[in-house]
Amino acid sequence: MDFTFDVFAKTRGFFKAYLEELSLAQLNAIPNGFNNNILWNIGHSIVTEQILVYKLSGLKPNVSEALIDKYKKGTKPDGKATQEEVDELKALAFSTIEHTKADFGSKVFSSFNEYTLSTTGNTLTNVNQAIQFALIHEGMHAGYILALLRALKV
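The shown structure was predicted, so the numbers you read here are calculated from the model rather than taken from an experiment.

Cut-offs applied
- Residues numbered from 1 in each chain as written.
- Predicted model: local features only at pLDDT ≥ 70, side-chain atom pairs only at ≥ 80, totals over all residues.
- Heavy atoms only, no water.
- Helix = DSSP H or I, 4+ residues; strand = E, 2+ residues; numbered from the N terminus.
- Rg over C-alpha atoms; globule rule 2.2 N^0.38 Å.
- Contact = heavy atoms within 4.5 Å.
- Areas by Shrake-Rupley, 256 points an atom, 1.4 Å probe, with all protein chains shown as cover.
- Lys, Arg positive; Asp, Glu negative; His and termini not counted.
- Charge placed at Lys NZ, Arg CZ, Asp CG, Glu CD.
- Phe/Tyr/Trp six-rings, centres within 6.5 Å; stacked < 30°, edge-to-face > 60°.
- Salt bridge = Lys/Arg side-chain N within 4 Å of Asp/Glu carboxyl O.
- Buried < 20%, exposed > 50% of the residue type's maximum accessible area, 1.4 Å probe, protein only.
- Core = buried A, V, L, I, M, F, W, Y, C linked by side-chain atoms within 4.5 Å.

Novice: Would you mind showing me how to read the overall build of the chain here?
Specialist: Across its full length, the chain carries 6 helices and 2 strands. Shown N-terminal to C-terminal, the secondary structure of the chain runs as helices and strands in the order α-α-α-α-α-β-β-α. Expected size for 154 residues packed as a compact globule is a radius of gyration near 15 Å; at 15 Å, the chain falls within 12% of this value. Along the first, second and third principal axes, the C-alpha atoms of the chain reach 45 × 30 × 30 Å. At a minimum sequence separation of 6, the contacts of the chain that also span at least 24 residues come to 72%. When the accessible area of the chain is evaluated, it comes to approximately 7900 Å², of which 55% is carbon and sulfur surface. Of the charged side chains in the chain, 15 are positive and 16 negative, and the gap between their average positions amounts to 5 Å.

Okay, here's the thing in structure tokens:
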């Protein structure tokens, strides 16, 4: 799993760079033909990893329930995010993955509730699969962010 966590760190590095380099207006912008924005895709990626890994393992996520409610599957941007929200996601980008890696190494994940993915139809049966799929999911949203950047002409 070292490779998986290394890729997570690099993906989160891209996310952090977007959060630092783009303006609040660019992070919040929803171009024509899209239903979300760059900030939502980053928040959704962070929250989804926590749901798939921690919640399905019966453990408390390392993000607030309010953040989960704002960015979980089926949500969309509900207005203009603030700089404070950007700063929170910037801090969580690395801290959540570092926490997951440490917990995985400490074998904290002892149980898992199976979950069938709506995107692929596959069923996650253990935390290893959840972590691997979270990375695939994050890659899909990284691609979506690139499309948003092109649409915004950034």
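Novice: I'm lost on the packing of aromatic side chains in this one. Help?
Specialist: The geometry of an aromatic ring pair comes down to the distance between the two centres and the angle between the two planes. Enumeration according to the criterion identifies 4 aromatic pairs in this entry. Members of the aromatic cluster, each reached through a chain of ring pairs, are F5, F8 and F104.

Novice: Would you mind showing me how to read the pattern of salt bridges here?
Specialist: Under the defined criterion, the tally for this structure stands at 8 salt bridges. A salt bridge links K16 to E20, with the shortest nitrogen-to-oxygen separation between them at 3.1 Å. Remark: E20 and K16 occur in helix α1 (residues 2-21); sequence separation between them is 4 residues, near one turn of the helix. Using a relative accessible area of 27% as the deciding quantity, one classes K16 as partly exposed. The exposure class of E20 is partly exposed, given its relative accessible area of 45%. A salt bridge links K55 to E65; the nearest nitrogen and oxygen atoms lie 3.2 Å apart. Of this pair, K55 sits in the loop between α3 (38-53) and α4 (65-71) while E65 sits in helix α4, and the two are 10 residues apart along the sequence. It is possible to trace a salt-bridge network through shared partners that takes in K70, D78 and E85.

Novice: Help me understand the nonpolar core in this model?
Specialist: The nonpolar side chains of a soluble globular protein tend to be buried, and buried together. Within the largest apolar cluster, 23 residues are counted, with the highest numbers of intra-cluster contacts made by I38, L39 and I42. Listed by contribution, the elements that provide at least two residues to this core are α1, α3, α4, α5 (83-105) and α6 (127-152). Considering each element in turn, this core owes the most residues, 6 residues, to α3. Dropping the residues within four chain positions of it, L39 is found in contact with L19, L27, N28, Y71, A81, V86 and L89. Counting residues in hydrophobic clusters, the runner-up holds 17 residues, among them F8, F112, A130 and L135.

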